[in-house]
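This is what each chain is made of:
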Amino acid sequence: EAGVAQSPRYKIIEKRQSVAFWCNPISGHATLYWYQQILGQGPKLLIQFQNNGVVDDSQLPKDRFSAERLKGVDSTLKIQPAKLEDSAVYLCASSLVVGTGNNSPLHFGNGTRLTVT
Amino acid sequence: GENVEQHPSTLSVQEGDSAVIKCTYSDSASNYFPWYKQELGKRPQLIIDIRSNVGEKKDQRIAVTLNKTAKHFSLHITETQPEDSAVYFCAAGNTPLVFGKGTRLSVIA
């Protein structure tokens, strides 16, 4: 089974520039997540999609972050304009089923390490 | 919303000894509790998970216990080996999952 694919692996930008990350989930996984992992901390959910609909984006800084999942498969996460504090690893994850009492494990991609200078 | 506390933040053990990592959570509605292992520069990988209708689960040298009344769950690793050295994250929730801050485990040969 192919895993969650993410690109790029690394990205260095200057503050106020824009950046986009791409994710391709495991085939058949309806649920897709974007997590932000700051160095030394656990992953923090930014947004959760179920197919192509947003389930939870309560922690997404919507003034600068946006995400979409067209056609319910691939997803892109964009930051515009970037700030120094956005330096982190951006992890995409997918799962087969999400629902009360019926969670499936999250499978993570390798992440994109973003450095904002 | 859910809040997950994880302790300790760092843990060093001698090879062959046991390691225990503890997590507490705040939302009594949480019903899924996975543990992830993350090696340096790599993705978090699921090592074991437990659901709220189960009190304990074991997989070879790894076990997880859950006390729903006290809202805490623990990871137990027995007969630790150097390759167990990594950062371990607990998580709790239903949807979405909330992660703890991680425990850096070092197994000293």
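Structural data are supplied above this passage.
Residues numbered from 1 in each chain as written. Chains lettered and ligands numbered in written order. Predicted model: local features only at pLDDT ≥ 70, side-chain atom pairs only at ≥ 80, totals over all residues. Heavy atoms only, no water.

> Describe the interface of chain A and chain B, listing the residues and the values that go with them.
Listed as interface residues are 24 residues of chain A and, on the opposing side, 18 residues of chain B. For the pair chain A and chain B, the summed buried area comes to about 1,700 Å², and 49% of that belongs to carbon and sulfur atoms. Where chain A packs against chain B, one counts zero salt bridges. Linking chain A with chain B are five residue pairs in polar contact (both at pLDDT 80 or more), by the criterion used here. Tallied by class, the residues present in the side of chain A that touches chain B amount to nine nonpolar, 13 polar and two charged. (Contact = heavy atoms within 4.5 Å. Buried area = accessible area lost by both parts, 1.4 Å probe. Salt bridge = Lys/Arg side-chain N within 4 Å of Asp/Glu carboxyl O. Polar contact = N/O pair within 3.5 Å; in protein donor to acceptor, adjacent residues only side chain to side chain. Nonpolar A, V, L, I, M, F, W, Y, C, P; charged D, E, K, R; others polar.)

> Can you lay out the sheet that holds strand S8 (residues 72-77) of chain B for me, pointing to particular residues and giving the numbers?
All names here are of chain B. Taken in spatial order, the five strands make up an open sheet running S1-S3-S8-S7-S6, and their pairing is antiparallel. Each having just a single partner strand, strand S1 (4-7) and strand S6 (56-59) make up the two edges of the open sheet. With direction set aside, neighbouring strand axes in the sheet form an average angle of 15°. (Pairing = 2+ DSSP bridges. Helix = DSSP H or I, 4+ residues; strand = E, 2+ residues; numbered from the N terminus. Axes fitted to C-alpha atoms, helices over the stretch in contact; angles between N-to-C directions.)

> Provide a residue-level description of the nonpolar core, including the pertinent values.
Trp35, Phe73, Leu75 and Leu105 of chain B are the most contacted members of the largest nonpolar core, which has 23 residues in total. Mapped onto this core, the elements with two or more residues apiece are strand S2 (10-14), strand S3 (19-25), strand S4 (32-38), strand S5 (45-51), strand S7 (62-67), S8, strand S9 (86-93) and strand S11 (103-108) of chain B. In contact with Leu75 of chain B, not counting residues within four places along its chain, are Ala19, Val20, Ile21, Trp35, Ile47, Ile48, Ile62, Ala63 and Tyr88 of chain B. Counting residues in each nonpolar core, the second largest holds 21 residues, with Val19, Phe21, Leu32 and Ile47 of chain A among its members. (Core = buried A, V, L, I, M, F, W, Y, C linked by side-chain atoms within 4.5 Å. Buried < 20%, exposed > 50% of the residue type's maximum accessible area, 1.4 Å probe, protein only.)

> Would you mind going over the pattern of salt bridges in detail, with residue names and values included?
Scanning the entire structure with this criterion turns up four salt bridges over all chains. Arg64 of chain A is the partner of Asp86 of chain A in a salt bridge, and the nearest nitrogen-oxygen pair spans 2.5 Å. Taken together, the residues span a long stretch of sequence, with Asp86 of chain A in the loop between strand S8 (75-79) and strand S9 (88-95) and Arg64 of chain A in the loop between strand S6 (53-56) and strand S7 (65-68) at a distance of 22 residues. In this pair, the class of Asp86 of chain A matches that of Arg64 of chain A, namely buried. Here Asp84 of chain B ties to Arg61 of chain B by a salt bridge, and the two come within 2.9 Å at their closest N and O atoms. Pair noted here: Asp84 of chain B is in the loop between S8 and S9 and Arg61 of chain B is in the loop between S6 and S7, with a separation of 23 residues, a long-range link.

> Can you explain the state of the cysteines? Please cite residues and give values.
Among covalent bonds in proteins, the disulfide is the one between the sulfur atoms of two cysteines. Using the criterion set out here, one finds two disulfides over all chains in the structure. Across the disulfide, Cys23 of chain A is cross-linked to Cys92 of chain A (sulfur-sulfur distance 1.9 Å). Because the torsion about its S-S bond is -70°, the bridge between Cys23 of chain A and Cys92 of chain A counts as left-handed. Of this pair, Cys23 of chain A sits in strand S3 (residues 19-24) while Cys92 of chain A sits in strand S9, placing them 69 residues apart in sequence. Comparing Cys23 of chain A with Cys92 of chain A, the two get one shared label, buried. There is a disulfide in this structure between Cys23 of chain B and Cys90 of chain B, and the S-S distance comes to 2.0 Å. Handedness of the Cys23 of chain B-Cys90 of chain B disulfide follows from its S-S torsion of about -100°: it is left-handed. With a gap of 67 residues between them, Cys23 of chain B in strand S3 and Cys90 of chain B in strand S9 connect regions that are remote in the sequence. Among the residues examined, Cys23 of chain B registers a relative accessible area of 1% and is labelled buried. By relative accessible area, which is 0% here, Cys90 of chain B ends up buried. (Disulfide = S-S within 2.5 Å.)

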